[in-house]
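Spelled out from the first residue to the last, the chains are:
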Amino acid sequence: MNKKSVRDIDVQGKRVFVRVDFNVPLENGKITDDTRIQAALPTIQYLQQQGAKVILASHLGRPKGKVDPAFSLQPVAAHLSHLLGQDVTMAEDSVGDTVKHQVNQMKNGDVLLLENVRFHGGEEKNDADLAKSFAELADLYVNDAFGTAHRAHASTAGIAEYLPAVAGFLMEKEISIMGNALSDPERPFTAIIGGAKVSDKITVLENLIEKVDQLIIGGGMANTFLAAQGYQLGKSLVEADKLDLANTLIEKARANNVILFLPEDVVVAKEFKADTEHKIVDIDQIPDDWMALDIGPKTSETYRLAIVRSQTVIWNGPMGVFEMDAFAKGTNEVAQAVAETEGVTIVGGGDSVAAVEKSGLADKMTHISTGGGASLEFLEGKALPGVEALQDK
Ligand SMILES: Nc1ncnc2c1ncn2[C@@H]1O[C@H](COP(=O)(O)OP(=O)(O)O)[C@@H](O)[C@H]1O
Ligand SMILES: O=C(OP(=O)(O)O)[C@H](O)COP(=O)(O)O
């Protein structure tokens, strides 16, 4: 990477604003997978050892510019204190006089975690005033949030206009591994895309179709494709305004000789609940008031065969609502197939990584990436705004 890193600057005694991606999965206020927190430790600990005052900033979920206690980073502060073996102070906001006062009280080596930056509407708008307010807290800016590097937000891009800005170790490592694995991939090259962030990621597929040999679609993403093909999806998650785009992508895949895999069968449920009634049906048999929450066994088997014959696999987005055991089978079987694949295998994304960790197969993957959308945009060949904003070497 041709960007400066924390190694290239003197941080001793400085206040360093470090953007991390602590957007971890939570269930009833408990962190269910701490991969992203663990991944940020090398940068945090290095800065501490070098005598910096470490001010951590992150988003959690999508609170849409409003304060919502369900998206507080408080549980992360507690877990991080445990991992670092020292107190991490939790700020009540990410800007403002109280936070400034807290920063002024910091000693070298101290760690302060700011509250969710997305409690401010200006964060996602990359608002210059908010970016300046972040910058006022610090002397230097470090971006270590690879998982959010595809967002041009106030704390990932805007702030870099007001402070010397460099990359953290995780950012450097992710870019280097992704670059090596994906610049000239061994073929067949397969992308597996699922999850719930359909409108975000469906546009990524357009460029991916030009890169891959096989495109395997599951999870919420598959529903939109199936609906576009005329199937009745009942109460399933479907992005109705993306049906034309889905059909265009199906056409584009055909034109590029990309084998596109969509589910043949699905697990449908009466409600979005762990203990609800559920059954396996073919995709033309989804009852009106039921919803598709996982891929079915025929689909898993077809996907498995396609995956294991690949030489390079990139996977983002679970095949179903894996958080509930009744709808985790498709994701687990795909995880097993990726683990069995002999070539390069990369799994990225907060929930996808959580699913792979839960299945106990993480160490069978070539690389577990902290970024889902970010790794897909990197693979597309797009410049990542969170990296672009940093100082060149
Ligand atoms: N068929 C489906 N219907 C609704 N939600 C789904 C479905 N399949 C997967 N999901 C949900 O998608 C979420 C993960 O999506 P996403 O954020 O795109 O993945 P990642 O965090 O790995 O990038 C999970 O919480 C999962 O429950
Ligand atoms: O979880 C994330 O992305 P991912 O689900 O694609 O891995 C990042 O924290 C970015 O979050 P966002 O997609 O709400 O901007």
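Residues numbered from 1 in each chain as written. Chains lettered and ligands numbered in written order. Predicted model: local features only at pLDDT ≥ 70, side-chain atom pairs only at ≥ 80, totals over all residues. Heavy atoms only, no water.

## Comments concerning the overall build of the chain
- A count of helical and extended segments in the chain gives 14 helices and 17 strands.
- Against the globule reference of 21 Å for 393 residues, the chain gives a C-alpha radius of gyration of 21 Å, in line with a compact fold.
- Across the 393 residues of the chain, 57% fall into the buried class.
- Across the chain, the centroid of the 38 positively charged side chains sits 2 Å from that of the 56 negatively charged ones. (Helix = DSSP H or I, 4+ residues; strand = E, 2+ residues; numbered from the N terminus. Rg over C-alpha atoms; globule rule 2.2 N^0.38 Å. Buried < 20%, exposed > 50% of the residue type's maximum accessible area, 1.4 Å probe, protein only. Lys, Arg positive; Asp, Glu negative; His and termini not counted. Charge placed at Lys NZ, Arg CZ, Asp CG, Glu CD.)

## Examining empty space enclosed by the protein
- Here the structure, examined in full by the defined rule, presents one cavity of 30 Å³ or more.
- In this structure, the largest cavity spans a volume of roughly 50 Å³.
- Asn 23, Val 24, Pro 25, Asp 33, Thr 35, Arg 36, Gly 349, Gly 350, Val 353, Ser 369 and Thr 370 together form the lining of the largest cavity.
- Of the residues assigned to the lining of the largest cavity, the class counts are three nonpolar, six polar and two charged. (1 Å grid on protein atoms, 1.4 Å probe; cavity = no way out; pocket = protein on both sides within 12 Å on 5 of 7 lines; lining within 4 Å. Points joined across faces, edges and corners; volume = space filled by probe spheres on them. Nonpolar A, V, L, I, M, F, W, Y, C, P; charged D, E, K, R; others polar.)

## Focus on the site of ligand 2
- Around ligand 2 sit 16 residues, and of these Arg 62, Arg 118, Arg 151, Lys 197 and Gly 373 come closest.
- A distance of 2.6 Å separates an oxygen atom of ligand 2 from a polar side-chain atom of Arg 151.
- Protein burial of ligand 2: of its 390 Å² of free accessible surface, 96% is covered by the chains.
- Partitioned by chemical class, the residues of the shell around ligand 2 number no nonpolar, eight polar and eight charged. (Near = heavy atom within 4 Å. Polar contact = N/O pair within 3.5 Å; in protein donor to acceptor, adjacent residues only side chain to side chain. Areas by Shrake-Rupley, 256 points an atom, 1.4 Å probe, with all protein chains shown as cover.)

## Comments concerning the site of ligand 1
- In the vicinity of ligand 1 lie 20 residues, with Lys 201, Asn 316, Glu 323, Asp 351 and Ser 352 positioned nearest.
- Contact distances for ligand 1 include 3.3 Å between an oxygen atom and a backbone N or O atom of Lys 197.
- Between ligand 1 and Lys 201 there is a distance of 2.8 Å, counted from an oxygen atom to a side-chain nitrogen or oxygen.
- Across the complex, the protein chains shield 89% of the 580 Å² of accessible surface that ligand 1 would expose by itself.
- Elements supplying a minimum of two residues to the shell around ligand 1: helix H8 (219–228), strand S14 (291–295) and helix H12 (350–358).

## Things to note about the layout of surface pockets
- There is about 180 Å³ of room inside the second largest pocket.
- Counting residues per element, the lining of the second largest pocket draws most heavily on helix H6 (residues 169–182), which supplies four residues.
- Among the residues forming the lining of the second largest pocket, the class breakdown is five nonpolar, three polar and two charged.

## Digging into the packing of aromatic side chains
- All chains considered together, the criterion is met by four aromatic pairs.
- Relative to Phe 134, the ring of Phe 17 lies with its centre 5.4 Å away and its plane at 45°, an arrangement referred to as tilted. Taken as a pair, Phe 17 in strand S1 (residues 15–19) and Phe 134 in helix H5 (residues 128–136) lie far apart in primary sequence, 117 residues in all.
- Phe 17 gets classed as buried once you look at its relative accessible area, which sits at 0%.
- Here the aromatic rings of Tyr 46 and Phe 169 are separated by 5.1 Å at their centres, their planes lie at 80°, and the arrangement is edge-to-face. Of this pair, Tyr 46 sits in helix H1 (residues 35–49) while Phe 169 sits in helix H6, placing them 123 residues apart in sequence.
- Linked through ring pairs, Phe 17, Phe 134 and Tyr 141 together constitute an aromatic cluster.
- Above the plane of the ring of Trp 290 lies Lys 279, whose end atom (NZ or CZ) is 4.5 Å from the centre. (Phe/Tyr/Trp six-rings, centres within 6.5 Å; stacked < 30°, edge-to-face > 60°. Lys NZ or Arg CZ within 6 Å of the ring centre and 35° of its normal.)

## Here's the deal with the UniProt feature "binding site: ATP" (unreviewed entry) in the chain
- UniProt tags Lys 201, Glu 323, Gly 349, Gly 350, Asp 351 and Ser 352 as "binding site: ATP" (unreviewed entry). Lining the largest cavity, from the residues named above, are Gly 349 and Gly 350.
- Considering the arrangement of structural elements, one finds Gly 349 in the loop between strand S16 (344–348) and H12.
- Setting aside its immediate chain neighbours within four residues, Gly 349 contacts Arg 36, Asn 316, Ser 369, Thr 370, Gly 371 and Gly 372.
- By the element assignment, Asp 351 lies in helix H12. (UniProt positions renumbered as here; feature names shortened; annotations may be inferred. Contact = heavy atoms within 4.5 Å.)

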